[in-house]
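# Examination of the molecular architecture
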Amino acid sequence: MSQAVHTNRAVAMMTARRKPGRWHWTDIAAYAYLALGVVLMFGPVLWLGMSSFKTQAGLLEFPPSLLPMSQKEVVVPGQPQKLPLFEVEMPDGSKRVLAQVRRIGIQAQMVDPANPGETIRVPIDKRTPVREFKLATENYTEPLERFAFTRFLWNSVFVTVVATIITLIINSMAAYALSIYEFRGKTAVMLMVIGTLMIPITIILVPVYLVITKLGLVNSLWAVILPGAATPTGVFLLRQYMLTLPRDLIEAARMDKASEWQIYWRIVMPLAMPALAVLAIFSIMWRWNEFLWPLAVLTKTESYTLQIGLNAFQGELQTQWHYLLAMTVVTLLPVALVFVFLQRFITTGIANTGMK
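First, a word on scope: everything that follows refers to the structure included in this document.

Rules used throughout
- For every chain, the first residue of the written sequence is number 1, and numbering continues from 1 onward in sequence order.
- Confidence filtering applies because this is a predicted model: local features only for residues at pLDDT of at least 70, side-chain atom pairs given and counted only at 80 or more, and all residues used for totals across whole chains, interfaces and linings.
- Each side-chain value is derived from all of the structure's non-hydrogen atoms; neither hydrogens nor water enter the calculation.
- In this analysis a 1.4 Å probe is tested at points of a 1 Å grid over the protein atoms alone, and where it fits but cannot get out there is a cavity; an open set with protein on both sides within 12 Å along at least five of seven lines is a pocket; lining residues have an atom within 4 Å of a point.
- Grid points are joined across faces, edges and corners, and a volume is the space filled by probe spheres set on the points.
- Per the convention used, a helix needs a DSSP run of H or I reaching at least four residues, while a strand needs a run of E reaching at least two, with both numbered from the N terminus.
- Three categories are distinguished: nonpolar for Ala, Val, Leu, Ile, Met, Phe, Trp, Tyr, Cys and Pro, charged for Asp, Glu, Lys and Arg, and polar for the others, with Gly belonging to the last.
- When a carboxyl oxygen of Asp or Glu lies within 4 Å of a side-chain nitrogen of Lys or Arg, that pair is called a salt bridge.
- Burial classes: relative accessible area under 20% of the type maximum marks a residue as buried, over 50% as exposed, and values in between as partly exposed (1.4 Å probe, protein chains only).

### Some words on the layout of surface pockets
Size it by volume and the largest pocket reaches roughly 700 Å³. Contributing to the lining of the largest pocket are 22 residues, with I201, I204, P227, G228 and T231 lying nearest its centre. Looking at the lining of the largest pocket, the elements that each hand over two or more residues are α7 (201-214), α9 (232-242), α12 (273-289) and α13 (292-297). Considering every element that reaches the lining of the largest pocket, the biggest residue donor is α7, with 4 residues. For the lining of the largest pocket, a count of residues per class yields 14 nonpolar, 6 polar and 2 charged.

Dropping the structure here:
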């Protein structure tokens, strides 16, 4: 019943007008603006998804097409492989569908699939490819089978999950100390944490790499996880949220002989779930899409993450766009699913936050 009510409300909101029963020019302008926003937001995603099912030749066609279209091929007796079909304009003006055996210069040798014994020479400007809708699913299966993309996927999942958990724990501990405790130099420490945001990653890249080398973590996934475990953005975000938590609840817990760890884990952390969910989204996106640092510390193929694996499809002379687009879709799906899930979790957490 509630689902039907929500659906009716959504439909009523999407079809709302200034004056019931008739259109006003502001209604048309508003819906046109919203439609333009939908196209700008989801148009590139739709194009990426459809292009990931195109062949390499289909991606290079001009003018391009939205749907994955490919040239139709047929099996011709006596030929070792399938032959492409063309619609040919004959000298008498009629049109026939012929299969091309080979092309020599500006002439194509073609045969009738129903009568392959006769070879017909056709100028290449007199033929038009016969196209059909076809999904090139091998764009997804071949990289996973031939190029160890399953291993790359597992490495990215491991790095993202473990790094996000460590980031949430370390940043929440630092934020708890900077928001709940009172000590001399508290403001200076917070300014130092925020000041690190102004340091570009290119400045600390070499020193961090030397530390990782001394620790013997090169070509290890921990070399990608540990350097970015504590982030100033996460500390600042969680600290600002924890400042809004009721101090009376914390003082009451201390009067009940609760330890600082119990206060942190059983009281502050549940109340800070909305902020933790936001930081989790940021951390997942940072870690999943990170490229420069893994490229510097991972040189063995078995240690590659997805982003480094995608770079392998870009060669000096040729780029395998069909594989690259398909694996890009694979890398986008987990982040999109996590964002959708945590977005609902944030809303629920904000609604349930507070003292009861």
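### Here we look at the pattern of salt bridges
According to the stated counting rule, one finds 5 salt bridges in the structure shown. One salt bridge connects E182 with K186, and the closest N-O pair in it is separated by 3.5 Å. The exposure class of E182 is exposed, given its relative accessible area of 63%. Overall, the relative accessible area of 11% leaves K186 in the buried class.

No statement about biological role is implied by the geometric values presented.
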